[in-house]
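Here's the letter readout for the chains.
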Amino acid sequence: MSLARNITLHMPKRLEIGAGAIARVGEWAGNAGRVLVLASPHTAAFVDRLGISGHVTVFDAIPGEPDIPCLEAALTAARDAQPDLVVGLGGGSVMDLAKLVAAMWDGDQGLADVAGPNRVAGRNSRLVQVATTAGTGSEAGIRALITDPVAGNKIAVESPHLIADLAVLDPELTFSVPPAVTAATGIDAMAHCVEAFTNRKAHPVIDGFARMGIDLVGRYLARAVQDGSDTEAREGLMLASFYGGICLGPVNTAAGHALAYPLGTLLHLPHGLANAIIFPHVLAFNESVVPEKTAEVARALGLDPADGLLPAAHRFCADLGVEMRLSAHGASPDQLSRFASDAHAIRRLMDNNPRDMSVEEALAIYHAAF
């Protein structure tokens, strides 16, 4: 970890935080012209609260893990709508899709042309991201992930052209998120921070954001799970998620997310849940090479060192109501080898991990989580 390494921070041009902040979208947008709102079937109910003037089209046929056909359908809707403004109104999957739609709908680039870093030609439509969960931090970042249903993996697109003109963190939009989803997405936000904090590419500037995010999860996640209308706790988690999203740009995640991705693409688990299941195992796996930072994480989460790190971290997640057994989510023993080989092949993340992880060690983690 050294300040000698150059990093670049990309953040939304404007950030609105607080209860009722969604109403500021309309004030910011002014006479918005043609607007395309991307939402889930649930978050589409919030469209009227945006306060947007103009011709609004809503595309809400977005599953929990959007894939290439979903992107193509959304692009078709955008070409029909010809939007001056694109709004992502939802969780990470919705906001990732909004990034790609805003950048691609009026151009001739396909997904294969933009996959990877810095291959997006530009963006003409304005982009607003309104988070309705506290997990991915997608509203803060320059990456978008889309599932390839044929290959069974995720395609990552990374570009400064995907950053939002306006991001909104309104805790009231998360009041209706169920306790189990609140827990899983909160752990996902924490995992972003922890994996960046303990990363081979860790940087003191990003460590600051990571520490703030981990501390907020430690203080507020259990409160939000217990009382979904606790505004202070909900706002704290949205900030933690935002800080985690900032961490993803210059540093990114590591083995934890690499191990979680096959659980999404092959087992079809929600992203937050997959990361929650994996989190304790990778935290413990990395402890030997980043002991001081791991101890700092454990203190922030209130883990009892006398219990041992893995049992304590596992209990932290389970006590929030997360079902931590892969077998309870439909996994079968014969799938674990495929999970391990797919995870090990995600070198853009595995190579960030502070401790090298073999295919056999990845498989051992899946067995331990089974």
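Quick look at the structure, then. (Residues numbered from 1 in each chain as written. Predicted model: local features only at pLDDT ≥ 70, side-chain atom pairs only at ≥ 80, totals over all residues. Heavy atoms only, no water.)

Helices and strands together make up the secondary structure of the protein, namely 14 helices and 9 strands. Relative to the globule expectation of 21 Å for 370 residues, the C-alpha radius of gyration of the protein, 19 Å, shows essentially globular dimensions. Its C-alpha atoms put the protein at 60 × 45 × 40 Å along the principal axes. Within the protein, the fraction of its 370 residues that count as buried is 58%. Partitioning the contacts of the protein with sequence separation of at least 6, the portion at a separation of at least 24 is 76%. Surface accessibility of the protein: about 13,900 Å² in total, with carbon and sulfur atoms responsible for 53%. (Helix = DSSP H or I, 4+ residues; strand = E, 2+ residues; numbered from the N terminus. Rg over C-alpha atoms; globule rule 2.2 N^0.38 Å. Buried < 20%, exposed > 50% of the residue type's maximum accessible area, 1.4 Å probe, protein only. Contact = heavy atoms within 4.5 Å. Areas by Shrake-Rupley, 256 points an atom, 1.4 Å probe, with all protein chains shown as cover.)

All right, on to the sheet that holds strand β7 (residues 143-148) then. Taken in spatial order, the 3 strands make up an open sheet running β5-β8-β7, and their pairing is mixed. Where the open sheet ends on each side, the last strands, each with one partner, are β5 (116-117) and β7. Judged from the 2 bridges that link them, β5 and strand β8 (residues 153-158) form a sheet pairing that is parallel. Each residue of the ladder has a partner; that of Gly116, found in β8, is Val157. (Pairing = 2+ DSSP bridges.)

Before going further, it helps to spend a moment on helix α9 (residues 271-286). Spanning 16 residues, α9 covers 21 Å between terminal C-alpha atoms, matching the ideal 22 Å at 1.5 Å per step. Phe279 marks the point of greatest bend in α9, at about 40 degrees, and the proline Pro280 comes within the next four residues. (Expected span 1.5 Å × (residues − 1). Bend = angle between axes of the 7 residues up to and from the residue.)

Below, the discussion takes up the packing of aromatic side chains. In this structure the tally under the stated criterion is 3 aromatic pairs. Grouped by ring-pair contacts, the aromatic residues Phe209, Phe242 and Tyr243 constitute a single cluster. The cationic tip of Lys293 hangs over the ring face of Phe197; the distance from NZ or CZ to the ring centre is 4.5 Å. The ring of Phe285 carries Arg355 above its face, with NZ or CZ at 3.8 Å from the centroid. (Phe/Tyr/Trp six-rings, centres within 6.5 Å; stacked < 30°, edge-to-face > 60°. Lys NZ or Arg CZ within 6 Å of the ring centre and 35° of its normal.)

Counting residues in hydrophobic clusters, the biggest one holds 79 residues, and the most contacted among them are Ile187, Leu259, Leu263, Phe279, Leu301, Leu326 and Tyr366. Per element, the largest residue contribution to this core is 10 residues, and it comes from helix α6 (residues 204-226). (Core = buried A, V, L, I, M, F, W, Y, C linked by side-chain atoms within 4.5 Å.)

Interpretation in functional terms is not warranted from these geometric data alone.
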